[in-house]
Amino acid sequence: MILDGHIHTNPGKVDRQAFLGRLKSAGINGGAVISISPDSLGISGKKLKAAERLDNLIAWTGPHPGLYPFFWIDPLEDDALEQVKAAVMRKVAGFKIICNRFYPGDRKAMAVYSAIAKEGKPILFHSGILWDGHNSAKYNRPGEFEALLDIDGLKFALAHISWPWCDEHIAVYGKFLNAYTRRPGLSVEMFIDITPGTPVIYRREALTKLFTVGYDVENNVIFGTDAETNDYNYRWAREWMRRDRHILKGIGLGRGALNKIYSENLLRFLGASAKKVQKRYLRPAE
Ligand SMILES: [Zn+2]
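An account of the accompanying structure is given in this report. (Residues numbered from 1 in each chain as written. Predicted model: local features only at pLDDT ≥ 70, side-chain atom pairs only at ≥ 80, totals over all residues.)

**Regarding the overall build of the chain**
The condition is simple: Strands here are runs of E lasting at least two residues and helices are runs of H or I lasting at least four, both read from the DSSP assignment and numbered beginning at the N terminus. Labels follow a simple rule on C-beta atoms placed from the backbone: if 20 or more others lie within 10 Å of a residue's own, it is buried; if 12 or fewer, it is exposed; otherwise it is partly exposed. Contact between two residues is assigned when their C-beta atoms, built from the backbone, lie within 7 Å.
The helix and strand tally for the chain stands at eight helices and eight strands. Along the longest, intermediate and shortest principal axes, the C-alpha atoms of the chain span 55 × 45 × 40 Å. Residues counted as buried form 43% of the 286 residues belonging to the chain. Within the chain, counting contacts between residues at least 6 apart in sequence, those at least 24 apart form 82% of the total.

**Describing the packing of helix α5 (residues 166–182) against helix α6 (residues 200–212)**
How we decide: Every axis in this analysis is a line fitted to C-alpha atoms, fitted for helices over the stretch in contact. Angles between the N-to-C directions lie between 0 and 180 degrees. Orientation labels follow simple angle bins: below 35 degrees gives roughly parallel, above 145 gives roughly antiparallel, 65 to 115 gives roughly perpendicular, and whatever is left gives oblique. Handedness of a crossing follows from how the near helix is turned relative to the far one, being left-handed for an anticlockwise turn of less than a right angle and right-handed for a clockwise one. When residues are grouped by polarity, Ala, Val, Leu, Ile, Met, Phe, Trp, Tyr, Cys and Pro land in nonpolar, Asp, Glu, Lys and Arg in charged, and all others, Gly among them, in polar.
Contact geometry of α5 with α6 gives a least axis separation of 10 Å together with a crossing angle of 15°. On the basis of their axis angle, the class for α5 and α6 is roughly parallel. Both α5 and α6 take part in a crossing whose hand is right-handed. Here α5 contributes C166, D167 and I170 to the contact with α6, which in turn contributes A206, K209 and L210. Per-class residue counts for the contact of α5 with α6 are four nonpolar, no polar and two charged.

**Some thoughts on unusual backbone geometry**
With an omega of 10°, the peptide bond between W163 and P164 qualifies as cis. Along the chain, P164 turns up in the loop between β6 (155–158) and α5. The phi angle at K91 is positive, at roughly 65°, despite the residue not being glycine. Considering the arrangement of structural elements, one finds K91 in the loop between α3 (80–89) and β4 (94–97). For K91, a count of 10 C-beta atoms within 10 Å puts it in the exposed group. With phi around 65°, H160 is a residue other than glycine that occupies positive phi space.

**Regarding the environment of L270**
For L270, the position within the fold is in helix α8 (residues 255–270). Judged by the 19 C-beta atoms lying within 10 Å of it, L270 is partly exposed. Each C-alpha atom of the pair L270 and D231 lies 25 Å from the other, and the pair is 39 residues apart in sequence. In this view, L270 contacts Y68, A93, G94 and P122; residues no more than four positions away in its chain are not counted.

**A short note on the sheet that holds β6**
Worth spelling out the cut-off: Whether two strands pair comes down to DSSP finding at least two bridges between them.
If you walk across this open sheet you meet the eight strands as β1-β2-β3-β4-β5-β6-β7-β8, and the pairing is parallel. Here the strands that pair on one side only, and so sit at the sheet edges, are β1 (3–7) and β8 (221–222). Note that strand β5 (residues 123–125) and β6 share three bridges and pair parallel. Each bridged residue has a counterpart across the sheet, and for F125 the counterpart in β6 is L158.

**Some details on the nonpolar core**
The condition is simple: The term nonpolar core refers to a set of buried Ala, Val, Leu, Ile, Met, Phe, Trp, Tyr and Cys residues connected through C-beta atoms within 7 Å.
Core analysis: the largest hydrophobic core is formed by 74 residues, its most contacted members being F70, F125, A157 and I192. Top element by residues in this core is α5. It accounts for six residues. If sequence neighbours within four positions are ignored, F70 has contacts with A32, V33, I34, S35, V92, A93, G94, F95, K96 and L124.

Rendered as structure tokens:
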């Protein structure tokens, strides 16, 4: 089974069958579907109320068992906490956030993350350079996400291996692994979303560093494409999967590890799998 952990939705006609057909053409069985963006991101080009975006999201995913709705929330909107509740009522699988004009540790945003964690839902954050036309790189450096060490029970993923700050991304992941030894009971967990962002020439280097650094990453890496429900680019998805598999097999990853990256880790991130994993935490001088 292959699940795409990072699929976007744009305004337009909702055609779930066509979407599922295109996923199938890529050999993909389902995945995490992210709602249309909030107004503050200005990506969708349409002003839609949160409730309309939520309706649209659920129309795309419906009751299909392999499609997991992720509601994109702007934590600085005044009714963000009510939006969390409304989305949970509609049984979303998780939330998406882009810190486009605030640091990840912003106080108001942190309260929203806490509410999401209390509902047992994960958050997929953008991280890395952000093509929003504005001065926003400083908000998306992986080091800024250390603030999430204080959100009890949260599962979060940083997308795109934070390209071009892949080294910093891996270091932050190591920081979280070490933190568990220093703070017994710490319950926040970081996942690594390898959705491209890394241009092709950086891909081998980034994946090689990630999987050979010596940190316990195998249970926390999630495959994704950044493709769209409206016109899922299955050729592009196939091309990335082929390229990545070639690199990952070359590094020595076997079928078990690939299954985790291509589906099992996403299901654990969503809380849809009861599978427990044993982590090897990092201590200094190891
Ligand atoms: Zn994306």
